[in-house]
Amino acid sequence: MIDVLVSGAAGRMGREVVAAVTAADGMRVVAVVDTGHPGVDIPDGADGSLACSGDLAAAISATPPHVMVDFTHPDAVEANLRTALAAGVDCVVGTTGLPESLLAEIAAEAPEGTALFFAPNFAIGAVLMMRFAAEAARFMPHAEIIELHHDRKADAPSGTAMRTASLVAEARAEVPPAPGAETEIAPGARGALVEDVAVHSVRLPGLVAHQEVLLGGQGQTLSIRHDSIDRTSFMPGVVLAVRSVGSLSGLVIGLEKLMER
Ligand code: NAP
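Each chain has its residues counted from 1, running along the sequence as written. For this predicted model, a pLDDT threshold of at least 70 governs which residues receive local features, and a threshold of 80 or more governs which side-chain atom pairs are given and counted, while totals over whole chains, interfaces and linings are taken from all residues. The basis for the side-chain values is all heavy atoms of the structure; hydrogens and waters are excluded.

A closer look at the pairing of strand 2 (residues 27-33)
Right, so step 1: A large share of strand 2 lies buried, amounting to six of its seven residues.
Right, so step 2: For two strands to pair, DSSP has to find at least two bridges joining them. Runs of H or I in DSSP of at least four residues are treated as helices and runs of E of at least two as strands, each being numbered from the N terminus. Where strand 1 (residues 2-7) and strand 2 come together, six bridges link them in parallel fashion. Bridge pairing in strand 2 links Ile2 to Met27.
Right, so step 3: By the criterion used throughout, a crossover qualifies as right-handed when its path from the first strand across the helix to the second strand runs clockwise, the strands pointing away from the viewer. You can see the chain leave strand 1, run along helix 1 (residues 12-23) and come back into strand 2, and the turn it takes is right-handed. Exposure categories follow from relative accessible area, calculated using a 1.4 Å probe and restricted to protein chains: below 20% of the type maximum is buried, above 50% is exposed, and the middle band is partly exposed.

Here it is in structure tokens:
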């Protein structure tokens, strides 16, 4: 039985994680932490509930878990990871906004044998969208990314867009000329350049998490799109990561690393 602590348990993702881990075989939620909502009861989806602690270190020492799952905030995740890893707890991280270089630094400073798994997107379809975009960019190097999220998202561009830009940049042999912005009437109209790939971030109520990669070639375009229309889309990936993280060590990034093991 894998004992799991969910950090950010009162949030949109955290609540889904509590229910998904409770429903999965071979794992259970032993503690829930949310500094913004201490004392709040989180339903486990099976007629039970757990009360949120406001103190991660205290929760870990009261009920030592094997794995911490963190869906919190870009400003909070680094301290949470350092606390959990120092206590020998493997980490599954969905919180976006931290550069990969900082994740690598945190993992390098963690005790020997601990693992830090991060996926910018836990939805299987999004992993495939990134893979197809990278494959397409080999032959159609002109690519731009439009990512669309709900209006409460803290970071922009999204972790998925950052990762996709990096995969596209890695895959294409030539960098096409920078997108034209000679007469940018409103600053930012041409998006942000991430590794020379233009990324456009849309934030609107009603959205969950969506991304379209547009590739252009002579007389043609190719669109590769993924839509998470519900946060349950991320849960099979989170459960897979909880199941797998004990057999990893150091920093591992991307759900694709676990899908074909
Ligand atoms: P959310 O609804 O704001 O939930 C985050 C929760 O964490 C809130 O209850 C927040 O409290 C709490 N919190 C803040 N600091 C904390 C700390 N130090 N320790 C414990 N809890 C803390 O956000 P969300 O929509 O669930 O998203 C959470 C993160 O997951 C974001 O970074 C988002 O981009 C990411 N995400 C990743 C994926 C993926 O597949 N990788 C998918 C969806 C979302 P307050 O309300 O007081 O701030």
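Continuing now.
Some thoughts on the packing of aromatic side chains
The relative placement of two aromatic rings is captured by the distance of their centres and the angle of their planes.
Right, so step 1: Aromatic rings from Phe, Tyr and Trp, taking only the six-membered ring of Trp, are treated as a pair when their centres fall within 6.5 Å; an angle between ring planes under 30 degrees marks them as stacked, one over 60 as edge-to-face, and anything in between as tilted. Considering all chains together, one arrives at two aromatic pairs under this definition.
Right, so step 2: Geometrically, the ring pair formed by Phe71 and Phe122 is tilted, given 5.9 Å between the ring centres and 55° between the ring planes. With Phe71 in the loop between strand 5 (67-70) and helix 3 (77-86) and Phe122 in the loop between strand 7 (115-118) and helix 5 (124-139), this residue pair connects regions lying 51 residues apart in the sequence.
Right, so step 3: Among the residues examined, Phe71 registers a relative accessible area of 11% and is labelled buried.

Quick word on the sheet that holds strand 10 (residues 197-203)
Right, so step 1: Pairing within the open sheet is mixed, and its five strands lie in the order 9-10-8-11-12. What marks the edges here is a single partner per strand, and that holds for strand 9 (192-194) and strand 12 (220-228). The sheet shows a mean angle of 25° between the axes of neighbouring strands, taken without regard to direction.
Right, so step 2: Judged from the eight bridges that link them, strand 8 (residues 142-149) and strand 11 (residues 209-217) form a sheet pairing that is antiparallel. Pairing of His142 across the sheet is with Gly216, part of strand 11.
Right, so step 3: Two residues qualify as a contact provided that any one of their heavy atoms is within 4.5 Å of a heavy atom in the partner residue. For helices, the axis comes from a line fit to the C-alpha atoms of the stretch in contact; other axes are also lines fit to C-alpha atoms, and the angle between any two N-to-C directions lies between 0 and 180 degrees. Across the sheet, helix 5 is in contact with strand 11 and strand 12; its angle to strand 12 comes to roughly 165°.
Right, so step 4: In the packing of helix 6 (residues 159-171) onto the sheet, contacts are made with strand 8, strand 9, strand 10 and strand 11, and the angle to strand 8 comes to roughly 170°.

Describing the side chain of Asp70
Right, so step 1: Here Asp70 is to be found in strand 5.
Right, so step 2: Only four residue types enter the charge count: Lys and Arg as positive, Asp and Glu as negative, with His and the chain ends excluded. We define a salt bridge as a contact between a side-chain nitrogen of Lys or Arg and a carboxyl oxygen of Asp or Glu at a distance within 4 Å. Buried and unpaired, Asp70 has no salt bridge, with Lys153 as the nearest side chain of opposite charge at 12 Å.
Right, so step 3: Setting aside chain neighbours within four positions, we find Asp70 in contact with Ser7, Val77, Asn80, Val92, Val93, Gly94 and Thr95.

Observations concerning the sheet that holds strand 5
Right, so step 1: An order of 2-1-5-6-7-13 is seen for the six strands of this open sheet, with the pairing classed as parallel. Taken across any chain shown, the strands that pair with only one partner, and hence form the sheet edges, are strand 2 and strand 13 (250-253). Going across the sheet, the axis of each strand differs from the next one's by a mean of 20°, ignoring polarity.
Right, so step 2: Here four bridges tie strand 5 to strand 6 (residues 90-93), and the two strands are oriented parallel to one another. In the strand pairing of strand 6, Val69 is matched with Val92.

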